[in-house]
Structure formats: C-alpha cells, structure tokens
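So the chains spell out like this:
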Amino acid sequence: MDRRSLVKHAGIAGVLAAGAAPAVHAAPLVRWRLASSFPKSLDTIYGGAETFARHVKAISGGRFEVSVHPAGELMPAFGVVDGVQQGRIEAAHTAAYYFYEKDETFAIGGAIPFGLNSRQMSAWTFQGNGLRLMREFYAAYNMVHFPCGNTGAQMGGWFRKDIRSLADIKGLKFRVNGFAGKVIERMGGQPQNLPGGEIYSALENGTIDAGEWIGPYDDQKLGFNKVAPNYYYPGWWEGGLQLDLYVNRKAWEALSPEFKALVDVASSAAHVDMQAKYDARNPAALKQLVNAGAKLRPFPADVMNAAFKVSRDLYAELSASNPRWAKVYADYARFRGEQNLWFRFTEATFDRFMQGQKL
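Residues numbered from 1 in each chain as written. Predicted model: local features only at pLDDT ≥ 70, side-chain atom pairs only at ≥ 80, totals over all residues. Heavy atoms only, no water.

A. Region of the structure containing unusual backbone geometry. Cis geometry marks the peptide bond from Tyr233 to Pro234, where omega comes out at -5°. Along the chain, Pro234 falls in the loop between β9 (230-233) and β10 (242-248). With a phi close to 60°, Phe114 is a non-glycine residue in the positive phi region. (Helix = DSSP H or I, 4+ residues; strand = E, 2+ residues; numbered from the N terminus.)

In structure tokens form, the structure reads like this:
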C-alpha cells in the first residue's frame, strides 16, 4: 500500500480521535497478537502499540482486535522479528536497529549515527523513497512494515564518571543500541546491547559504566539518575528514532481492503502521537532530574568529531560490502544532504534565535 500523504493520515487520525469511524461490518472478525520490544511501564514507547491497537478496535467497531504484549511475555525483546517472520505472531512493535546483526540495513529504518532528525525521517519515509526501499528490504524477512512512532532527538545517556575527552571513551562499558555500538567500539569503547528493562541494574552493580535509553521522561521512570549522575547530550546516534510496526506478510494479505486501510491509518495516528507525547513530557522531566541532582554535560568536541568521522568511514565500508545497505543508504544520504541545506536556513536558524531569548 502506498501511503504518501502524512497530512492526509493526520487528518483521518483526528477523525478517529473524535470517535467517528467508517463502518466495516461486512468484514470477518480478526484477532492479532502484537509483541512489543518494550516494557509496559514506559507509557510513551510501549504506548505506541497501545495507541495503534486502540484505533484499530475503535474504527472497526470491535471487529478487528490487536492484543499488545510487553517484552518477555510472548517472546524476548530482541526476538520479535523472528516471531513475525516465522508467523508465530501477527505483528511486532520495535526499533529496527535492534536487528542490525541480521543485516545492517535494518538500522537505516530506525536511526543511524548523524542521520536524519524526526521530521526529516518522516519526509524521507512518506514523501521520499524511504517507505518503498525499506519495504523492498523487509520483504526478504516475510514482513510488511508501517512507521509507528518517533522519539525525536535523544539524550546521550547517563555516565558514572565524567567524559572530558575522547580518551575517556577508551574501555568504557556503554549500553548503547547495537548499531551505534559499532561506532563506539571503533572509538575504543565496549558497547553493550541490553533491553531497556535491564539497564538500571547493570548501572547499579557496575556491569556497565554508562547507559542510554531515550530521554528525560523515560529515564526518570527508569531511575537512571540514582545510579549515574552525569547526563550527557546529544544522542548523536539517534537524531530521531523511528519505531516500526512489523506485520507478517501472510497475516497482512489475509486482511480485507478495509482492514488494510485501517492498519495504515491507525499506525500513522500512533506515529504522530508518540513524538507529541515525548515533546510534551520531556521538558518537565528534565527540570525535575536537574533539581534532583543530575549534572547536564555536553559531549566534548573531540568526541563528537571522532564519532562523526568514524560513522562516515563505517558507512563507506558498508556501502562497499553490503549491496542492500548501499542501495538504501545512497538514497537516504542524498535526501539527508538536501534536508540539512533546507533546515540550515529555516529550522536551525529559527531555533538558535529562539533558544537565545528569555521566554
């Protein structure tokens, strides 16, 4: 299905939110199980799947129901793609970069270091070639995907000790998403890929020296400030993490045209809703964390510059060795260049001015 207009879907999402829904009473009853990669306690990122399921049930008049299951209930957080691919579940809600070991191209569908921000990612997906290219890629895994949320730009994580220079990355045991870990490793660090629910205990007992998740609202819920006081920014590896709804191809093809349209629209509604929640809730949470003693720290310039160079070198190597990556990344990189030129004169300039004012 070609869904090229986010504006159109946002409008329909408004209708859904108001409680109006088209009748689909001729369709058969459908029940799906959806496995999330996230714990139920995180009402933002886990909540994206719940928002999707709620709209599906409302618009179908209860004839299409999706039960949402947190990480570990049906399968492990990092096992959901296998579950969808093999048909053990109909759908999953997850972050694509968790599965980069299957193929690094997965990461482009979520976030890569120094990649697109959330608005640019939506533009590439819905109005560029992103949706088509990623669907071509996911077809090899027996899946159809739907963008279903974005966290926006993330924080750089919680560190037990200060990072004063690039030298402090050497030997650092850092929980970071798997694909970004390839960059950290080349910078001398020791990346650890842990589910969100395991980060706190690993920080507390010293198994890791630092850990990142998303941003203030979720981080406060997870209590990271209690075990690692230094809060670094920005999360250069996640300028705008896009979440995905993965659907088993057989389950997708079994749907009526009306129910296929419903999945398309409901995922778009959840996509917009997730970032709105993060943007609305992060500011107050950040203030509360600072008031409780969190120490905000920018990453040193030499860390940022080294990470950027290492990332570029990695992408060049992957483009030479992985034809699937090369095909998708070439289009992504071209789009990123055009977007950065545009944002330089508009969003970035406006934001820099406004952030310098007393409001």
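B. Focus on the nonpolar core. The biggest cluster of nonpolar side chains holds 106 residues, and the ones touching the most others in it are Trp32, Phe52, Phe64, Trp124, Phe179 and Trp213. For this core, the element with the highest residue contribution is helix α11 (residues 257-291), accounting for eight residues. (Core = buried A, V, L, I, M, F, W, Y, C linked by side-chain atoms within 4.5 Å. Buried < 20%, exposed > 50% of the residue type's maximum accessible area, 1.4 Å probe, protein only.)

C. Molecular detail of the confidence of the model for the chain. Put simply, the chain has an average pLDDT of 93, and 92% of its residues get 70 or more. Considering only residues more than four positions removed or in separate chains, one finds that residues 1-24, a stretch of pLDDT under 50, has 40 contacts. (pLDDT = per-residue confidence, 0-100. Contact = heavy atoms within 4.5 Å.)

D. Main features of the sheet that holds strand β5 (residues 157-159). Overall, mixed pairing links the six strands, which are arranged β7-β6-β8-β5-β9-β11 in an open sheet. Each of the sheet's edge strands pairs with one partner strand only, and the pair in question is β7 (190-192) and β11 (295-298). When strand β6 (residues 173-175) meets strand β8 (residues 210-211), the two strands line up parallel, connected through two bridges. Its bridge partner being in β8, Arg175 is matched across the sheet by Gly211. (Pairing = 2+ DSSP bridges.)

E. Layout of the pairing of strand β4 (residues 143-150). A large share of β4 lies buried, amounting to eight of its eight residues. Where β4 and β10 come together, six bridges link them in antiparallel fashion. Counted as the bridge partner of His145 is Tyr246 from β10.

F. Quick look at the sheet that holds strand β2 (residues 64-69). Pairing within the open sheet is mixed, and its five strands lie in the order β2-β1-β3-β10-β4. With partners counted over all chains shown, the strands left at the sheet margins are β2 and β4, one partner each. Adjacent strand axes in the sheet meet at a mean angle of 25°, parallel and antiparallel pairs treated alike. Pairing geometry for strand β1 (residues 30-36) and β2, over six bridges, is parallel. Its bridge partner lying in β2, Arg33 is registered against Ser67. Helix-sheet contacts for helix α5 (residues 118-126) involve β4 and β10, and the interaxial angle to β4 is about 150°. Packing of α11 onto the sheet brings it into contact with β1, β2, β3 (91-95), β4 and β10, and relative to β4 it is tilted by some 30°. (Axes fitted to C-alpha atoms, helices over the stretch in contact; angles between N-to-C directions.)

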